[in-house]
Amino acid sequence: MLAPLAAVLLFLAAIVSAFWYLRLEEMDREQEAVKRDVEYSQQRMRLRLLERQEQLMRMARDITNKEVDEDEFVVRAESMVAQYPELLMLTWIDERRRLKATYAAPSLNAGQIRVQGEVLRPGETETMYSLARDLQQPVYSQPVAGPDSSGLLQLHVPLADQGKFGGVVLGEYSIDGLLRYGVPAEISAKYAVALLDGKNRVLAGNTVPPRNPATQLLPWAAQPNEYEVPVSPVGNGLIVRAQAYRTGLGVIGSGLFWLVGALSAMTAWMLIANWRHTRRRMQAQRALMAETNFRRAMENSVLTGMRALDMHGRITYVNAAFCQMTGWSEAELVGRTPPFPYWPQEDRESLSARLDDELKGRTIQGGFQVRVKRKNGSLFDARLYVSPLVDAKGSQSGWMTSMTDITEPNRIREQLQASHERFTTVLEALDASVSVAPLGSEEVLFANKLYRLWFGGRAAGHLGMVAQAGMSEQPRPTDESMDSFDSFVGLPTSGLPSAVSENAEIFVPELGKWLEVRSRYLNWVDGRLAQMVIATDITTRRQAEELAAAQAERAQSSSRLITMGEMASSVAHELNQPLTAISNYCNGLMSRIKSKQIGEDDVLAALDKTARQAQRAGQIIQRIRSFVKRSEPNRTLSDVSIMVSEAIELAEIELRRRNVRLSHYVAARLPHLMVDPILIEQVLVNLLRNAAEAIEYAARPPGRRSVELRVVPKQVNEQPVVEFSVLDSGQGLAPEVMERLYEAFFSTKAEGMGIGLNLCRSIIESHHGRMQAENIYNGSEVAGCRFSFWLPVSGATNPIVGKDAGVTTA
């Protein structure tokens, strides 16, 4: 539609581009010509300046060599000024800035003529004089021109007398003369040539008048054709510039351009009229194509296969999805009659009969399932829906069939059914009762085999376990409060399958069993909030735990008896002292009474001492009796210092017999511990006895036979604990012994049974504590062993003042 107009626009663009290109070529040629001529003029002026500079340098050498005096200088200067019109004045200045000789052209203004014998005036000339003296090289400069004189160019040539500065020869040029005689006449005729200073001010020559700024904004306006270049050897202080005079009419003045433009505009107008004439037809064509493409896109994007049959069963249309499902192309299917190539060989009779029913109008509203064969021979399951195909006139022209691939849904359905069967089998075979009931209802949503065996199909068992376990079960609201009370207030409404389950152990008298009950909330398949209860029979485990607890109690009691049996000789020795003292007191009293040598006060004193010794023996027997007496476990808030002191009283008997010194330290203000004090005393006595035996086995000298008991507070994993440690000075533990230290029935003693440390660790761990052993080193030598255990501080009361550090020597 826009092709003719585009062609005209391209033609106009080509014409304009051609004119523009020719104009640019012409401007480039003009620019190159200006550049070439300016550079040629610059070379001419450069050569003239270099020639004059060379002549002045020869004159300077002659002056230095004493070959030229003032008169000879004037003669030579007059000759050079007459020969070279651009040279206006030559001056000989000595090292004291005094003018020794000078000559000026007659055309020079009187105010610019220098007088012989004068001293160089301050200003630009004096500055360049100093620069030439410092550099010892020729220096060009431009002094400021006066209001009635043209600009000058100065050349300072230094005089060197045997390495010393002897003054300068100053040559002054007329810049206007340099332009007049340095630039060829043909170039001056073609261009506006001017000499500029470093600040772009015109020193000599003429320039082209500036153009109207408004015309320069037009795209076809020609830019000024000019070129400038510095004059060597003066440098950037003197620039020659040439500006070309405007001679052409430009694009606007070209008649050919306007003629072509007018013809192109007429052609464009004719084509636009033709374009407007055909516009509506093109719009209708585009709308028809868009509608057709939209319908085709819908047919190709739908995932359901579509097939159209005429009244005789011939395929008249198939969409892309149908071809993709069967693997047959549209050309291979359209026009085919039954049997169709996508019918399986074994199903052709049934499919042919079903097609006859379709053509006769006997269709199934819900569709039917068939097997379809792909071109590669594979089969898939499909569901077909058949409906009449009605044309625009309202008459039936055939049958439209839609086909959906249901292979994947069938596979998922079979997998779900198999998974459900496996899951049900697993639940039925569980050795735990599983039941699910909705909140606020006595309906059982699910119950496995064991639940039905225990409670039948009733919800009473489920609700009874929940109630007995103390788990949350919202009661069903009454009819009176249905509108004002929500029984599910406070229960979570999302994330229930990931909720933490509740555990409890209950005894069910009806079953005579101990059950471990776990409960959690879940959303049932119908959206109702339900509670699942899993009950496991733990009767056997509870019986085993009770039996283990009884055996542990008997083991602890036996261990205490064994300990006291091992300490029997020490206990006998300890009891022998008060009994001997009682016997001595009684014999002494009897002998003194018989001899009538005792008074009443002496008798009372002796009887008091005898009573104290008897009380001491009774205390020893009472302590041993309370230690070995079998009793039920009794955890109470116990004073640490009292437990330590009672354990020390029992252990001191053994330590004194083995000549071991005991020192102990109990930190002040220790909290009470929730422990069984008899068991903790048993652990301490066992550790202290082991320490004394280790020292005796190591045969340490008397100075090193010591045991230290320390009780201090500590932090373990940011938890407050009380640590008990027993440090001996024995030989320590070997690595192989350390590995089997707490192993039952393992002992390094010939008469040991190997249950002491194992039982000690069991007692500590039953109190939620930990026990450990480590060797103490003095350099590389083992200096002893340290047994320690800690007990957590839980349920403690206010701390009490403990005993200070004490030392007991046996």
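Residues numbered from 1 in each chain as written. Predicted model: local features only at pLDDT ≥ 70, side-chain atom pairs only at ≥ 80, totals over all residues. Heavy atoms only, no water.

Asks: So what exactly am I meant to see when it comes to the environment of L56 here?
Replies: Following the sequence through the fold, L56 ends up in helix 1 (residues 3–64). Each C-alpha atom, one on L56 and one on H156, is 9.2 Å from the other, the two residues being 100 residues apart in sequence. Ignoring any residue separated from it by four or fewer positions in sequence, one finds L56 in contact with M80, L90, L155, V157, V169, G171 and Y173. (Helix = DSSP H or I, 4+ residues; strand = E, 2+ residues; numbered from the N terminus. Contact = heavy atoms within 4.5 Å.)

Asks: Quick question: what am I supposed to make of the nonpolar core here?
Replies: As a rule of thumb, nonpolar side chains are buried together in soluble globular proteins. Counting residues in hydrophobic clusters, the biggest one holds 46 residues, and the most contacted among them are V644, F724, F787 and F789. Sort the elements by how many residues they give to this core and helix 18 (residues 677–698) lands first, with 10 residues. Of all hydrophobic cores here, the second largest spans 44 residues; its members include M59, I63, L179 and I187. (Core = buried A, V, L, I, M, F, W, Y, C linked by side-chain atoms within 4.5 Å. Buried < 20%, exposed > 50% of the residue type's maximum accessible area, 1.4 Å probe, protein only.)

Asks: Sorry if this is basic, but what is going on with the sheet that holds strand 5 (residues 164–174) here?
Replies: Sheets are built from strands paired through backbone hydrogen bonds, the pairs being either parallel or antiparallel. Here five strands make up an open sheet; going across it, the order is 2-1-5-4-3 and the pairing antiparallel. Here the strands that pair on one side only, and so sit at the sheet edges, are strand 2 (99–104) and strand 3 (139–141). Direction aside, the axes of adjacent strands within the sheet are offset by 15 degrees on average. As defined by bridge partners, strand 1 (residues 87–93) adjoins strand 5 across six bridges and the pair is classed as antiparallel. In the strand pairing of strand 5, M89 is matched with E172. Strands in contact with helix 2 (residues 70–83) are strand 1, strand 2 and strand 5; relative to strand 2, the strand with the most contacts, it is inclined by about 25 degrees. The sheet strands contacting helix 4 (residues 175–182) are strand 4 (152–161) and strand 5, and the helix crosses strand 5 at an angle near 65 degrees. (Pairing = 2+ DSSP bridges. Axes fitted to C-alpha atoms, helices over the stretch in contact; angles between N-to-C directions.)

Asks: Looking at this structure, I do not really get helix 18. What am I missing?
Replies: Because an α-helix completes one turn every 3.6 residues, residues spaced three or four positions apart along the sequence face the same direction. Across its 22 residues, helix 18 extends 32 Å between first and last C-alpha, which sits within 8% of the 32 Å expected from 1.5 Å per residue. Across the 22 residues of helix 18, 16 count as buried, placing the element largely inside the fold. Looking one or two residues beyond helix 18, the residue adopting positive phi is A699, at roughly 55 degrees. (Expected span 1.5 Å × (residues − 1).)

Asks: For this particular structure, what's the right way to read the pairing of strand 9 (residues 235–244)?
Replies: Along any regular strand the residues' side chains alternate between the sheet's two faces. Here strand 9 lies mainly inside the structure; seven of its 10 residues are buried. By the bridge criterion, six bridges tie strand 6 (residues 191–196) to strand 9 in an arrangement that is antiparallel. Bridge pairing in strand 9 places Y191 opposite A244. Direction of pairing for strand 8 (residues 226–231) relative to strand 9: antiparallel, over a ladder of six bridges. Within strand 9, the position partnered with E226 by the bridge is Q243. Between strand 8 and the antiparallel strand that follows it, strand 9, lie three residues.

Asks: Which parts of the structure should I look at to understand the confidence of the model for the chain?
Replies: Note: predicted coordinates in regions of low pLDDT should not be interpreted at a detailed level. Counting all residues, the mean pLDDT for the chain is 80, and 81% of those residues have values of 70 or more. Looking at the elements of the chain, mean pLDDT is at its lowest for strand 27 (residues 806–808), recorded as 37, and at its highest for strand 24 (residues 719–728), recorded as 94. Confidence drops under pLDDT 50 across residues 796–810; counting only partners more than four residues distant or on other chains, this segment forms 41 contacts. (pLDDT = per-residue confidence, 0-100.)

Asks: Sorry if this is basic, but what is going on with the pattern of salt bridges here?
Replies: Pairs can form between side chains of opposite charge whenever their charged atoms are close. Taken as a whole and assessed by the stated rule, the structure comprises 38 salt bridges. E723 is paired through a salt bridge with R786; the nearest N and O atoms lie 3.4 Å apart. Of this pair, E723 sits in strand 24 while R786 sits in strand 26 (residues 781–792); the two residues are 63 residues apart in sequence, bridging distant segments of the chain. The exposure class of E723 is buried, given its relative accessible area of 8%. (Salt bridge = Lys/Arg side-chain N within 4 Å of Asp/Glu carboxyl O.)

Asks: Sorry, what's going on with the sheet that holds strand 12 (residues 368–373) here?
Replies: With antiparallel pairing, the five strands of this open sheet are ordered in space as 11-10-14-13-12. Since the sheet does not close on itself, it has two edges, and those belong to strand 11 (315–318) and strand 12, each with one partner. Across the sheet, the mean angle separating the axes of adjacent strands is 35 degrees when strand polarity is ignored. Note: strand 10 (residues 305–310) against strand 14 (residues 396–405), six bridges, orientation antiparallel. Bridge assignment links G305 to a residue of strand 14, and that residue is M403.

Asks: I tried to follow the environment of R541 on my own but got confused; where do I start?
Replies: Here R541 is to be found in helix 14 (residues 539–566). When its relative accessible area of 35% is taken as the criterion, R541 is described as partly exposed. Measuring from C-alpha to C-alpha, the distance between R541 and W514 comes to 8.9 Å, with 27 residues separating the pair along the chain. Excluding residues that lie within four positions of it along the chain, R541 makes contacts with E505 and E516.

Asks: Would you mind going over the pairing of strand 19 (residues 529–537) with me for this structure?
Replies: By the criterion of burial, strand 19 is predominantly enclosed, with seven of the nine residues buried. Pairing of strand 15 (residues 432–438) with strand 19, which is carried by seven bridges, proceeds in the antiparallel orientation. Bridge pairing links A432 to T536 in strand 19. In this sheet, strand 19 lies alongside strand 18 (residues 513–523) in antiparallel orientation, the contact comprising nine bridges. Bridge assignment links R518 to a residue of strand 19, and that residue is I534. Connecting strand 18 to the antiparallel partner strand 19 that follows it, the hairpin turn spans five residues, and G527 within it adopts a positive phi of roughly 95 degrees.

Asks: Which parts of the structure should I look at to understand the side chain of D197?
Replies: Tracing the chain through its elements places D197 in the loop between strand 6 and strand 7 (202–205). Among the polar contacts listed, one links the side chain of D197 to the backbone nitrogen of K199, at a separation of 3.1 Å. Reaching out from D197, the side chain makes a polar contact with the backbone nitrogen of R201 at a distance of 2.6 Å. Once you skip the residues sitting within four places of it in the chain, D197 turns out to touch Q142, L203, N236, G237 and I239. (Polar contact = N/O pair within 3.5 Å; in protein donor to acceptor, adjacent residues only side chain to side chain.)

Asks: Just to check I follow, could you spell out unusual backbone geometry for this structure?
Replies: For residues besides glycine, phi is generally negative; the peptide bonds are generally trans as well. Between S232 and P233 the backbone carries a cis peptide bond, its omega angle lying at 10 degrees. Structurally, P233 can be placed in the loop between strand 8 and strand 9. The residue after P338, namely P339, is reached through a cis peptide bond having omega -5 degrees. One non-glycine residue, R97, adopts positive backbone phi at about 65 degrees.

Asks: Got a minute to help me understand a positive patch on the surface in this structure?
Replies: On the surface, a cluster of positive charge is made up of R276, R279, R280 and R286. If you trace the backbone, R279 turns up in helix 7 (residues 255–301). (Patch = residues over 30% accessible without salt bridge, like charges linked within 9 Å, V, L, I, M, F, W, Y side chains within 5 Å. Areas by Shrake-Rupley, 256 points an atom, 1.4 Å probe, with all protein chains shown as cover. Lys, Arg positive; Asp, Glu negative; His and termini not counted. Charge placed at Lys NZ, Arg CZ, Asp CG, Glu CD.)

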